[in-house]
Amino acid sequence: QVQLVESGGGLVQPGGSLRLSCAASGSIYSINVMGWYRQAPGKQRELVADIHSSGATNYVDSVKGRFTISRDYAKNTVSLQMNSLRPEDTAVYYCKGRIETRPRKLDVYWGQGTQVTVSS
């Protein structure tokens, strides 16, 4: 059993910053990929950023230069530092992990989502 627990969402003014965190716990053998997705009302869920075991990162174009994803391997956490926030960033943000619970048993897990609202 693996759980992903998110924190850090909230209301912020345009231009402000938030830091989202996601902690993975449970029967974790290894973590292959962790990332953040978001979904705004009426829109499809999209990848915001992810980080792979190699350290390689990917970002959706709209957040490049503003958001930074990072992992703390010792704590099995992933964070998303969001700066220069815009109203268009308003969405529910979901943590995603591609996680092994035993060798060669690789599955995808999702957090419950945390609301980020950017508004004046």
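The text that follows walks through the structure, step by step, so that each part is easy to find. (Residues numbered from 1 in each chain as written. Predicted model: local features only at pLDDT ≥ 70, side-chain atom pairs only at ≥ 80, totals over all residues. Heavy atoms only, no water.)

## Looking at the nonpolar core
Alright, step 1. Leu4, Trp36, Leu80, Met82 and Tyr93 are the most contacted members of the largest nonpolar core, which totals 29 residues.
Alright, step 2. Those elements giving two or more residues to this core turn out to be β1 (2-7), β3 (18-26), β4 (30-39), β5 (46-52), β7 (67-72), β8 (77-82), β9 (91-102) and β11 (114-118).
Alright, step 3. Apart from residues no more than four positions distant in its own chain, methionine 82 is found in contact with Gly16, Ser17, Leu18, Leu20, Arg66, Phe67, Tyr93 and Val116. (Core = buried A, V, L, I, M, F, W, Y, C linked by side-chain atoms within 4.5 Å. Buried < 20%, exposed > 50% of the residue type's maximum accessible area, 1.4 Å probe, protein only. Helix = DSSP H or I, 4+ residues; strand = E, 2+ residues; numbered from the N terminus. Contact = heavy atoms within 4.5 Å.)

## Observations regarding the sheet that holds β3
Alright, step 1. Taken together, four strands build an open sheet; the order of strands is β1-β3-β8-β7 and the sheet is antiparallel. Two strands lie at the open edges of the sheet, namely β1 and β7, each paired on one side alone. Across this sheet, the average inter-strand angle for adjacent strands is 15°, counted without regard to direction.
Alright, step 2. Across six bridges, the pairing between β1 and β3 is antiparallel. Each bridged residue has a counterpart across the sheet, and for valine 5 the counterpart in β3 is alanine 23. (Pairing = 2+ DSSP bridges. Axes fitted to C-alpha atoms, helices over the stretch in contact; angles between N-to-C directions.)

## Thoughts on the state of the cysteines
Disulfides are covalent bonds that link the sulfur atoms of two cysteine residues.
Alright, step 1. Scanning the entire structure with this criterion turns up one disulfide.
Alright, step 2. Each disulfide pairs two cysteine sulfurs, and for cysteine 22 the partner residue is cysteine 95, the sulfurs being separated by 2.1 Å. Given an S-S torsion of about -80°, the disulfide between cysteine 22 and cysteine 95 has left-handed geometry. Highlighted residues: cysteine 22 in strand β3 and cysteine 95 in strand β9, separated in sequence by 73 residues. Cysteine 95 matches cysteine 22 in its accessibility class, with the two residues each being buried. (Disulfide = S-S within 2.5 Å.)

## Re the pattern of salt bridges
Alright, step 1. Following the criterion strictly, the structure yields five salt bridges and no others.
Alright, step 2. With a closest N to O distance of 3.0 Å, arginine 38 and aspartate 89 form a salt bridge. With arginine 38 in strand β4 and aspartate 89 in the loop between β8 and β9, this residue pair connects regions lying 51 residues apart in the sequence. Accessibility classification places arginine 38 together with aspartate 89 in one group, the buried group.
Alright, step 3. A salt bridge links lysine 64 to aspartate 61; the shortest N-O distance between them is 2.9 Å.
Alright, step 4. Residue classification places aspartate 61 among the exposed residues on the basis of a relative accessible area of 59%.
Alright, step 5. Sharing partners across several salt bridges, the network here consists of Arg38, Glu46, Arg66 and Asp89. (Salt bridge = Lys/Arg side-chain N within 4 Å of Asp/Glu carboxyl O.)

Any link to function would need more than the numbers given here.
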